[in-house]
Amino acid sequence: MATKRIVVITTGGTIAMKRDIHSQTIEPSASGKELIDSVPDIKQFADTELIEFANIDSSEMSPQMMFELSRLIRKQLARQDVDGIVITHGTDTLEETAYMIDLLHDSPKPVVLTAAMRSFDDPGTDVPTNLFAAVKVACADVCRGVGTMVVMNDEIHAAREVRKTYTSNVATLESPGYGPLGIVDEDHVIIYRQSLTREFLPAKKIEPKVMLLKMSAGDDGSLIKFAVKSGAKGLVIEGLGRGNLPTPAAEETIRAIKTNIPVVLTSRCFKGRVLGIYGGSGGGKKLHDAGIIYGGDLSGQKARIKLIVALGLVSQLTELKKIFERQMY
Ligand code: ASP
C-alpha cells in the first residue's frame, strides 16, 4: 500500500518525446498522464498528483521559467500532505534548473529531477526506469534533508554538482570531482554522502540578464566588451585553468568591473576551484585584486544561475562577493 504523496511536475524533455513520422524528429508530445501510467508499479510506492507545467525541449527553458517552477515547487513543499516532488525535465539544461530550484528552497522534503536520453516511444527507452527511480528517491526517508537531487541511470546526484557529460549516452549525468550521492538499487535507495556546500538564497526575484563567456587561447576580449555594451547586469567568465585570462580579455574584464558590473570567475576545467595564485597581467591574482568574484568550484553555467538568483537578493558588489566567497576560505 502506498503511504507517500508525491507531486509529479512535468516540463518536457526527451522523457516526454515521441517520434514524429513526418519530420522524423522527436518532439515533446507525451502527456504527464501517459508518463505516470507507463509505470503502473509507482502506485506501490506513492499516490501521485500531476501538475503539467510545460512540455518543451529544455533548450527553451529560461531563467524566468525556472524561477516560476521553483515558486510552484515551494508551494507544493509547503503542503502538509505532500512528502516529496518529482520533476521531469530535458537533460540539456537540467543541471541549471535543478540548481536554481535548490538555491531557492530549504525544505527537508526530497525534490528530485529526472529525465531520459531515449524518447518515450524508443524501443530501448530509459523513461520508465528513470521515472520509477525518481519516485523511489522522493519517497525515501533517507533522502530527507539531502537537498535537490537529480536521478538518472540509477544514480542520485546533487543539483549543485551534476553535469550533462555525454550528448547521447544514457549514462550522461556525472558529478565530476565528486561522484554521485548515492544509488537506486532495485527498491533500495542508498545515500553514501551529502553535499555540505548546499546554500539557500531566499530571493523574491531574479536578474536574468547575466551572460556566460568561455575563454580560449588568444581571446581578445571583444565578446566581453560586447556583453557590457549590450546591457549585461552580470557576467560569468569561464576562465582558463586556475582562473587566468589572456591579457586583452583580462583588461576588458577589469574595465567591466570598473563600470560596476559584477563579474564572476570560474574555470573551463571540469574539476577544482579557481584561485588567484598566478601573477601576470591576466593572472587570477590581478583579476581578484581588481574586484572579480571567485566562483569557487561551480561550473560556468551554475555560477550564472547563482548570480541570477543572488542579484535578486543583493546588488552591492561586496554583498555578492560574500555570497560567492563565503565558502572559500
Ligand atoms: N533536447 C532534450 C532536452 O533537453 C534532451 C533530453 O531531454 O535528453 O529537452
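The preceding data block contains the structure.
Residue indices begin from 1 for each chain and proceed along its sequence in written order. The predicted nature of this model means local features are confined to residues of pLDDT at least 70 and side-chain atom pairs, given and counted, to a pLDDT of 80 or more, with totals for whole chains, interfaces and linings taken over all residues. The side-chain quantities take in all heavy atoms of the structure and omit both hydrogens and water.

Q: Residues and numbers for helix α9 (residues 300-313), please.
A: Here a strand is any run of E in DSSP of at least two residues, a helix any run of H or I of at least four, and the numbering for each starts at the N terminus. Helices are assigned an expected span. That span is 1.5 Å times one less than the residue count. Across its 14 residues, α9 extends 20 Å between first and last C-alpha, which sits within 8% of the 20 Å expected from 1.5 Å per residue. To sort residues, take the accessible area from a 1.4 Å probe on protein chains only and compare it with the maximum for the residue type: under 20% means buried, over 50% means exposed, and anything in between is partly exposed. Here α9 lies mainly inside the structure; 13 of its 14 residues are buried.

Q: Can you explain the packing of aromatic side chains? Please cite residues and give values.
A: Here a pair means two rings of Phe, Tyr or Trp (six-membered ring of Trp) with centres within 6.5 Å. Their orientation is stacked below 30 degrees between planes, edge-to-face above 60, and tilted elsewhere. Applying the stated criterion across every chain, the model contains one aromatic pair. Seen in terms of ring centroids, phenylalanine 45 and phenylalanine 132 are 5.5 Å apart; in terms of plane orientation they differ by 85 degrees. Their pairing is edge-to-face. With phenylalanine 45 in helix α2 (residues 42-45) and phenylalanine 132 in helix α5 (residues 127-139), this residue pair connects regions lying 87 residues apart in the sequence. The class of phenylalanine 45 is buried, set by a relative accessible area of 19%. Comment: the charge-over-ring label is applied if NZ (Lys) or CZ (Arg) is within 6 Å of the ring centre and within 35 degrees of the ring normal. In this structure, arginine 163 packs its charged tip against the face of phenylalanine 270, placed 4.3 Å from the ring centre. Positioned above the aromatic ring of phenylalanine 324, the side-chain terminus of lysine 306 is 4.8 Å from the ring centre.

Q: Go over the sheet that holds strand β5 (residues 84-88) with me, naming the residues and quoting the values.
A: If you trace the eight strands from one edge of the open sheet to the other, you get β4-β1-β5-β6-β7-β8-β11-β12, paired in mixed fashion. Edge strands, defined here as strands with exactly one partner in the open sheet, are β4 (46-56) and β12 (188-191). Each neighbouring strand pair of the sheet contributes to a mean axis angle of 20 degrees, computed without reference to strand direction. Across two bridges, strand β8 (residues 155-158) lies against strand β11 (residues 182-185) in antiparallel orientation. Bridge assignment links isoleucine 156 to a residue of β11, and that residue is glycine 182. Contact between two residues is taken to exist if any of their heavy atoms lie within 4.5 Å; hydrogens are not considered. All axes are obtained by fitting lines to C-alpha atoms, using only the stretch in contact for helices, and the reported angles, taken between N-to-C directions, cover 0 to 180 degrees. Here helix α3 (residues 63-77) sits on the sheet in contact with β1 (4-12), β4, β5 and β6 (111-114), set at roughly 165 degrees to β4. Paired strands are those between which DSSP finds at least two bridges.

Q: Could you give me a rundown of the site of the ligand, with the residues and numbers involved?
A: The local shell around the ligand consists of Gly13, Thr14, Asp57, Ser58, Gly90, Thr91, Asp92, Ala116 and Met117. Whenever a nitrogen or oxygen atom comes within 3.5 Å of another N or O atom, the pair is scored as a polar contact, on the condition that within protein one atom can donate a hydrogen and the other can accept it, and that pairs from neighbouring residues in sequence are kept only if both atoms are in side chains. Note that a nitrogen atom of the ligand is positioned 2.9 Å from one of the side-chain N or O atoms of aspartate 57. Between the ligand and the protein, one listed contact pairs an oxygen atom with a backbone N or O atom of alanine 116 at 2.9 Å. To measure how exposed things are, a 1.4 Å probe is used in the Shrake-Rupley method; for residues, cover is taken only from the protein chains shown. Within the complex, the protein chains bury 90% of what would otherwise be the 260 Å² of accessible surface of the ligand. Residues belonging to the shell around the ligand are distributed by class as follows: two nonpolar, five polar and two charged. Definition of nearness: a residue and a molecule or strand are near each other if at least one heavy atom of the residue lies within 4 Å of the molecule or strand. By the convention adopted, Pro, Cys, Tyr, Trp, Phe, Met, Ile, Leu, Val and Ala count as nonpolar, Lys, Arg, Asp and Glu as charged, and the other residues, Gly among them, as polar.

Q: Help me get a handle on the sheet that holds strand β14 (residues 234-239), residues and values and all.
A: Read across the sheet, four strands follow the order β13-β14-β15-β16 without closing on themselves; strand pairing throughout is parallel. Two strands lie at the open edges of the sheet, namely β13 (210-214) and β16 (293-294), each paired on one side alone. Of the strand pairs in this sheet, β14 and strand β15 (residues 263-267) are connected by five bridges, and their pairing is parallel. Looking at the pairing, isoleucine 237 lines up with leucine 265 of β15.

Q: Go over the pairing of β13 with me, naming the residues and quoting the values.
A: Bridge count for β13 against β14 is five bridges, and the pairing is parallel. Within β14, the residue paired with methionine 211 across the bridge is leucine 235. Call a crossover right-handed when, viewed with both strands pointing away from you, the route from the first strand across the helix to the second goes clockwise. Each parallel crossover has a hand, and the one from β13 via helix α6 (residues 222-229) to β14 is right-handed.

Q: Describe the pairing of β11, with residues and values.
A: Side chains Gly182 and Val184 of β11 all project onto a buried face; the interleaved residues Ile183 and Asp185 project onto a face where none is buried. Direction of pairing for β11 relative to β12: antiparallel, over a ladder of four bridges. Bridging across to β12, valine 184 finds its partner in valine 189. Turn length for the β11-β12 hairpin, with the two strands adjacent in sequence and antiparallel, is two residues, and the turn residue glutamate 186 shows positive phi of about 55 degrees.

Q: Give a detailed account of the pattern of salt bridges, specifying residues and quantitative values.
A: Pairing is possible between side chains that carry opposite charge, provided their charged atoms lie close to one another. Here, a salt bridge means any Lys or Arg side-chain nitrogen found within 4 Å of an Asp or Glu carboxyl oxygen. Overall, the coordinates contain 19 salt bridges when judged by the stated rule. Here lysine 33 ties to aspartate 37 by a salt bridge, and the two come within 2.6 Å at their closest N and O atoms. Here lysine 33 pairs with aspartate 37, and both are found in helix α1 (residues 32-37), just four residues apart, close to one helical turn. Residue classification places aspartate 37 among the partly exposed positions, given a relative accessible area of 43%. One salt bridge connects aspartate 81 with arginine 79, and the closest N-O pair in it is separated by 2.9 Å. Several salt bridges share partner residues, and in doing so they unite Arg5, Glu49, Arg79 and Asp81 into one network.

Q: Describe the environment of alanine 290, listing the residues and the values that go with them.
A: Positionally, alanine 290 belongs in the loop between α8 (284-289) and β16. With a relative accessible area of 29%, alanine 290 lands in the partly exposed category. Once the C-alpha coordinates of alanine 290 and asparagine 169 are considered, the two residues, 121 residues apart in sequence, prove to be 42 Å apart. Setting aside its immediate chain neighbours within four residues, alanine 290 contacts Ile254 and Ile257.

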